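Summary of the model geometry
Residues per chain, in single letters:
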Amino acid sequence: MRSTWFARDVSEHRTNAVVGVVGSALRNAFVVPVQRGRIRMGQWPRAASGVVVAAYVVYGLLVLSVLLSVPLARLAPETEPFGLRVIGSLAVAFGVWAAMVLLFLAALHLPFWWRPLAWLLLLVPHGIGWVVSLLTILTQGELWRALLVVMAVLIGVVLLVVLVATATGRPASVWSAVCTAIGFGLTYSLPQLVAGPFTPLVASGVAVVAFVLTVIALPLAVAAGTAFAQFAVNLTSSTMVSIRDRAPGRIWPVVAILAAVAVMVIGVWRALGAEPGTLAITVVHTVLCVGLTGLALWAIRGRILPADDPPRPAALTETLGNVSMALGLALGSWALPQLLSSVLALPPLITEHITVWADLLMALVAVVLLVRGVRRRNLVTVVLLPSVIVMAVFAAVQTQLGWPSVSATIAAMVLALVVIGAVVRWRSRMTTHRWFVVSLALVVLVVFPYRQEITEPLEAVLGSTQVAVLLIGLIWMLLTEAEFTHESSPRHSRVARVLVFLAYAVFSAAMATSLAFAVGDSMLIKMNMGDLADIGDAIIGYAFAPAVVIGLLLIGHHEQDVADPSTPPVG
């Protein structure tokens, strides 16, 4: 009887330990980033809180439309693909309308020099919509409908002008939000409804709007692709920390050896089956990443204390999220000349090398951010950006010379050798903490090459890897990248920051909807946000692994704690 009770107690203890590890890991990897990065309404006016909730509802509806795009496509007759694009066009038009309402409300609280830019952005979809709607009505010969459109637009414009005159700089109110929604309903939505939303020309007008304005959403698409690198590192590090807090220290040498063997075996296996040149290019690329990072660290030697700004995994993922928009703006810059080339005769030097210039521009932006990080003695930035620079330059050279792509598993093998080299250097000073750090670095290298595997269930539903990557990344960015909205200043109020953030998020979701429903697929040039999300992961996300490994080795060298001290304790 006593043995039965003992076995039951042991079983319950193990079960509780496993549940505790899983729960703590998931909480620290997903719940904590959302708690830190979500929009905090706090003591907001009721009107502002209502707008935020409404924006989240619209965002959810757009995400739902993306999820339903493939089932609807399967139900639609193959001989009538236009009907599906009309449904997508309605969803896109709805998302653009909501984004414009949010941007207009934000402009009421922005400094006066930002308002003309916001109004110019609002004018683009309106101008396209007006021209297309009037052309559709005039071709049908119904002048009374054209008159109705003109009257609705005039009333809407007057209403919006009155709002600018009476609500600018004043606290958010329910009536300003409602009047803005009505105003844009009259100026943007009603003309398309009167012209007939199910006519080919109106649907094409929405496609033109999506095509022109996709340029604005591209930086967020690139940044969304980095979410998988954040997932992989956050989940791995939080899981390992949770195990560390419950397991004896003697297990970490065993874990390190097993992880090292796994990384080396997978790397050798991939190297044997890789195309010619992949092994050499990957090794050189990885060595350059480590070398440039070492050079950047040498540049700030002696300027920081060992305890200052440690490059913990959580700090690196947070900084990656902060800089990914700036990097995405540079990487997605190829879209603007490509858009202009459809109407202007640009020099071949630009049109034939658009992506190369974009890669080099991103490398330049990363260099500027790195120099600023060195001057500010920001160790996290100094560890993060050198690998991004190397990867961006490599992508440009690879495009020009036709080199094979680098292999993530082979790169992991090279980085594992760097970790083993650190162990050899520490051989007489290998504490339990250092064994844990080494184990964490090697486990990250095992997991990191497979960071996008999380998209497989959603890919099966959507039928597209690019849409799955984009959708998951956009949701994660919405939930975790609103930290700049937590602050306020006399020039940029918190309300304005939140409204701008939501407007951009909703607009990007609308563009993702246009991609899922193939809205604008018949355009001469198609700007695929899903491809850019993949590129963001392939360049920026790929470069994250060397940064994490080097950061962990620095933490081990200075005997610092891997866990973020602001993270809730393990329960």
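Residues numbered from 1 in each chain as written. Predicted model: local features only at pLDDT ≥ 70, side-chain atom pairs only at ≥ 80, totals over all residues. Heavy atoms only, no water.

A tally of regular secondary structure across the protein chain gives 22 helices and zero strands. In the protein chain, buried positions account for 51% of the 571 residues. For the protein chain, the computed accessible surface area is about 25900 Å², with 70% contributed by carbon and sulfur atoms. (Helix = DSSP H or I, 4+ residues; strand = E, 2+ residues; numbered from the N terminus. Buried < 20%, exposed > 50% of the residue type's maximum accessible area, 1.4 Å probe, protein only. Areas by Shrake-Rupley, 256 points an atom, 1.4 Å probe, with all protein chains shown as cover.)

Scanning the entire structure with this criterion turns up seven aromatic pairs. Residues phenylalanine 94 and tryptophan 97 carry aromatic rings whose centres are separated by 5.9 Å and whose planes lie at 25° to one another, so their mutual orientation is stacked. Here phenylalanine 94 pairs with tryptophan 97, and both are found in helix H3 (residues 81-107), just three residues apart, close to one helical turn. The partly exposed category is assigned to phenylalanine 94, whose relative accessible area is 33%. (Phe/Tyr/Trp six-rings, centres within 6.5 Å; stacked < 30°, edge-to-face > 60°.)

The calculated volume of the largest pocket comes to roughly 1300 Å³. Lining the largest pocket are 37 residues, with Ile216, Met325, Val500, Phe501 and Tyr504 sitting closest to its centre. Counting only elements with at least two residues in the lining of the largest pocket, the list comes to H3, helix H4 (115-140), helix H7 (200-224), helix H11 (313-331), helix H19 (465-480) and helix H20 (494-516). Residue contributions to the lining of the largest pocket peak at eight residues, all from H20. Grouping the constituent residues of the lining of the largest pocket by class yields 31 nonpolar, three polar and three charged. (1 Å grid on protein atoms, 1.4 Å probe; cavity = no way out; pocket = protein on both sides within 12 Å on 5 of 7 lines; lining within 4 Å. Points joined across faces, edges and corners; volume = space filled by probe spheres on them. Nonpolar A, V, L, I, M, F, W, Y, C, P; charged D, E, K, R; others polar.)

Met362, Leu442, Leu502 and Phe544 are the most contacted members of the largest nonpolar core, which totals 146 residues. Setting aside chain neighbours within four positions, we find leucine 442 in contact with Ala256, Ala259, Ala260, Val263, Ala416 and Val419. If you look at the next biggest cluster of nonpolar residues, it comprises six residues, including Ala146, Val149, Val194 and Ala195. (Core = buried A, V, L, I, M, F, W, Y, C linked by side-chain atoms within 4.5 Å. Contact = heavy atoms within 4.5 Å.)

Examined against the element boundaries, valine 506 turns out to sit in helix H20. In this structure valine 506 comes out as buried when scored by relative accessible area, which is 1%. Taking the C-alpha atoms as reference points, valine 506 and valine 57, 449 residues apart in sequence, are found 10.0 Å from one another. Residues contacting valine 506, with those up to four places away along its chain left out, are Ala55, Val58, Tyr59, Leu62, Gly95, Ala98, Ala99 and Leu102.

At a closest axis distance of 8 Å, the pairing of helix H15 (residues 379-401) and helix H22 (residues 544-557) adopts a crossing angle of 150°. Judged by the angle between their axes, H15 and H22 are roughly antiparallel. Crossing hand, H15 versus H22: right-handed. Where H15 abuts H22, its residues Val383, Leu384 and Ser387 lie against Phe544, Pro546, Ala547, Ile550, Gly551 and Leu554. By residue class, the composition of the contact of H15 with H22 is seven nonpolar, two polar and no charged. (Axes fitted to C-alpha atoms, helices over the stretch in contact; angles between N-to-C directions. Parallel < 35°, antiparallel > 145°, perpendicular 65-115°, else oblique. Left-handed = near helix turned anticlockwise from the far one by under 90°.)

For an α-helix, the turn length of 3.6 residues means that residues three or four places apart are oriented alike. Counted at 1.5 Å a residue, the expected span for helix H5 (residues 143-167) with its 25 residues is 36 Å, and the 36 Å between its end C-alpha atoms agrees. Those residues of H5 that fall on the buried side of the exposure criterion are Arg145, Ala146, Val149, Ala152, Val153, Gly156, Leu160, Leu163 and Ala167. (Expected span 1.5 Å × (residues − 1).)

Here the focus is the pattern of salt bridges. Enumeration over the complete set of coordinates arrives at four salt bridges. As a salt-bridge pair, aspartate 245 and arginine 244 come within 3.5 Å of each other at their nearest N and O atoms. Taking the relative accessible area as the measure of exposure, aspartate 245 reaches 44% and is therefore partly exposed. Members of the salt-bridge network, linked through shared partners, are Arg244, Asp245 and Asp561. (Salt bridge = Lys/Arg side-chain N within 4 Å of Asp/Glu carboxyl O.)

Turning our eyes to something else, we now look at H15. Under the 1.5 Å per step criterion, the end-to-end length of H15 is 34 Å for 23 residues, consistent within 8% with the ideal 33 Å. Burial analysis of H15 places 18 of its 23 residues in the buried class, which makes it a mostly covered element. Of the residues that open H15, the one with a side-chain oxygen 3.2 Å from the backbone nitrogen of valine 380 is asparagine 378. Immediately downstream of H15, the backbone of glycine 402 shows phi near 70°, a positive value. (Polar contact = N/O pair within 3.5 Å; in protein donor to acceptor, adjacent residues only side chain to side chain.)

Time to look at a nonpolar patch on the surface. Among the surface-exposed residues, Val53, Val57, Leu61, Leu64, Leu68, Leu72, Ile87 and Phe94 lie close enough to one another that they form a single nonpolar patch of about 640 Å² accessible area. Secondary-structure elements contributing two or more residues to the nonpolar patch are helix H2 (46-75) and H3. Ranked by residues supplied to the nonpolar patch, first place goes to H2 with six residues. Within the fold, leucine 61 resides in helix H2. (Patch = residues over 30% accessible without salt bridge, like charges linked within 9 Å, V, L, I, M, F, W, Y side chains within 5 Å.)

Another aspect to go through is the side chain of serine 407. Following the sequence through the fold, serine 407 ends up in the loop between H15 and helix H16 (408-425). Among the polar contacts listed, one links the side chain of serine 407 to the side chain of threonine 409, at a separation of 3.0 Å. Setting aside residues up to four positions removed in sequence, serine 407 forms contacts with Thr278, Thr282 and Tyr542.

Put simply, H4 and helix H6 (residues 174-195) touch, their axes get as near as 9 Å, and they point 30° apart. Classified by the angle their axes make, H4 and H6 are roughly parallel. Considering only the axes of H4 and H6, their crossing is left-handed. Together, Leu122, Pro125, His126, Trp130, Ser133, Thr136, Ile137 and Gln140 of H4 and Phe184, Thr187, Tyr188, Pro191, Gln192, Val194 and Ala195 of H6 make up the contact between the two elements. The residue makeup of the contact of H4 with H6, split by class, is nine nonpolar, six polar and no charged.

Here arginine 377, not a glycine, exhibits a phi torsion of approximately 60°, which is positive. Along the chain, arginine 377 falls in the loop between helix H14 (354-375) and H15. You will see that glutamate 559, though not glycine, has its phi angle at about 55°, which is positive. Note that glutamate 559 resides in the segment after H22.

Moving on, we get to the environment of threonine 399. Residue position: threonine 399 is located in helix H15. Beyond its immediate sequence surroundings of up to four residues, threonine 399 is in contact with Thr355, Val356 and Asp359.

Within the secondary structure, alanine 98 is located in helix H3. In this structure alanine 98 comes out as buried when scored by relative accessible area, which is 7%. For the pair alanine 98 and alanine 181, spaced 83 residues apart in sequence, the C-alpha separation works out to 7.9 Å.

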